Structure formats: structure tokens, C-alpha cells
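# Chain and residue survey
These are the residues of each chain, in order.
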Amino acid sequence: MPGQHRRPPQVSGGFGVPHADLAAGLARFNEAPFTTAEAALLECLGSRRWAHRMAAHRPFPDLASLLAASDEAGYDLAPRDIAEALAAEPAPCLHHAAPRAAHLALRAAHAAYESRFGHSFVICLDALPPSQHVDQVLAGIRVRLTHEVDEERAVTADELRRLARSRLVELVTEGW
């Protein structure tokens with residue numbers, strides 16, 4: 001989670017996660033009851049079809065296999081599945097202590113985006129420090145408002161896949 005401090009890994013299992021933490025979390029995920037895993041997966045991506053498919057394909061031998069399966073399941077989502085996932089996504093927001101002008105600008109940008117495309121704006125900001133999030137969201141909305149509907153549909157689906165991957169990493173390293 002952003003802002004949390006973890007001890008530096010001694011031996012990495014990839015993705016910046018200590019191998020022991022990753023192996024233990026993945027084992028707990030693989031061994032969880034189907035309905036428990038499916039519910040946790042719905043928190044990663046709000047598509048019941050995607051979550052069901054991912055839960056059904058367990059066990060995963062390693063994180064790379066889990067993420068590859070996530071991508072594959074994500075690419076197979078029908079438009080109604082993507083709409084379901086988008087409906088479950090919270091809009092990127094600011095910390096309550098952010099300046100009022102930033103809140104107003106973000107609210108206006110979200111409204112313009114939703115008016116044009118009919119769903120909330122999603123973006124994966126994992127590679128950025130929290131101090132850059134508002135700027136990146138506003139810049140992303142500004143750029144993506146210029147997209148044609150089909151182009152934006154593809155970008156949105158890609159952002160959902162990126163969010164799912166990020167949340168899966170968090171799930172198996174911190175959530176179990």
C-alpha cells in the first residue's frame with residue numbers, strides 16, 4: 001500500500017516482494033475456499049466472470065503465472081463484463097486535505113469524462129508517488145477526452161487489466 005514502509009527484501013521473489021512472503025501468500029490464495037478466493041478476486045477486478053475464471057484456474061505455481069492468467073482472462077472479457085468492472089471501480093480521488101481547487105478540478109474532469117464516455121475514469125497509478133497522482137489523473141483525463149470511443153474503450157480495458165495485476169500482487173503479498 002502507498003505510504004506503508006516494509007523492510008527491504010533480503011531475497012526477492014520478483015516484483016519487489018520477498019520470496020518467502022510471496023510463496024506463503026500465493027499458497028494461502030491457492031488453498032482458500034473457492035468462494036473466499038472469488039470474493040477476494042472481485043476486489044481486484046469487479047467482473048464476476050473474471051473472478052470466477054481466476055478462482056477456478058487455481059492453483060497457480062507462481063506470481064508470474066497468476067498475472068499471466070489475469071491478463072488472459074482480462075483480454076477475454078465481453079463489453080458487459082468490462083461495464084460491470086467499471087461500475088465497481090471507485091473514481092480516483094484526492095486526500096481530504098488537498099486544496100479545494102484541486103478537488104473542484106478533479107470533480108469537473110471526472111464529470112466531463114463520464115459525460116463523454118458514460119463510465120468512470122480509471123487509471124493505474126502504481127508506478128507514481130502519491131504526490132503526482134492528481135496531476136497524472138488530470139493529465140490522463142485531458143488526453144483521454146480526445147480519444148474516439150473505441151480507442152478509449154481499449155485504453156480503459158488496458159487500465160483495468162493493469163489495476164487487476166497490481167491488486168493481485170497486493171492480494172498475495174499482503175491480503176492473505
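Our subject in this report is the structure included herewith.

Cut-offs applied
- Residues numbered from 1 in each chain as written.
- Predicted model: local features only at pLDDT ≥ 70, side-chain atom pairs only at ≥ 80, totals over all residues.
- Heavy atoms only, no water.
- Core = buried A, V, L, I, M, F, W, Y, C linked by side-chain atoms within 4.5 Å.
- Buried < 20%, exposed > 50% of the residue type's maximum accessible area, 1.4 Å probe, protein only.
- Helix = DSSP H or I, 4+ residues; strand = E, 2+ residues; numbered from the N terminus.
- Contact = heavy atoms within 4.5 Å.
- Axes fitted to C-alpha atoms, helices over the stretch in contact; angles between N-to-C directions.
- Parallel < 35°, antiparallel > 145°, perpendicular 65-115°, else oblique.
- Left-handed = near helix turned anticlockwise from the far one by under 90°.
- Nonpolar A, V, L, I, M, F, W, Y, C, P; charged D, E, K, R; others polar.

## Observations concerning the nonpolar core
Across soluble globular proteins, you tend to see nonpolar side chains buried next to one another. Core analysis: the biggest nonpolar cluster contains 33 residues, and Phe29, Leu41, Trp50, Met54, Leu66 and Leu168 have the highest contact counts within it. Counting residues per element, the ones that place at least two in this core are α1 (19-31), α2 (34-44), α3 (48-56), α4 (63-75), α5 (79-88) and α8 (149-175). Excluding anything up to four places from it in sequence, phenylalanine 29 contacts Ala37, Leu41, Arg58, Phe60, Leu66, Leu171, Val172 and Trp176. Core analysis: the second largest hydrophobic core is formed by 13 residues, Leu94, Phe121, Val137 and Leu138 among them.

## As for the packing of helix α6 (residues 100-117) against helix α7 (residues 133-144)
Packing of α6 against α7 leaves a shortest axis separation of 10 Å and a crossing angle of 30°. If you check the angle between α6 and α7, you find them roughly parallel. For α6 against α7, the interelement crossing comes out left-handed. Taken together, the residues of α7 that come into contact with α6 (itself represented by Ala105, Leu106, Ala109, His110, Tyr113 and Phe117) are Val137, Leu138, Ile141 and Arg144. When its residues are assigned to classes, the contact of α6 with α7 shows eight nonpolar, one polar and one charged.

## Brief notes about the environment of histidine 110
Mapped onto the elements, histidine 110 comes out in helix α6. For the pair histidine 110 and valine 137, spaced 27 residues apart in sequence, the C-alpha to C-alpha distance is 9.4 Å.

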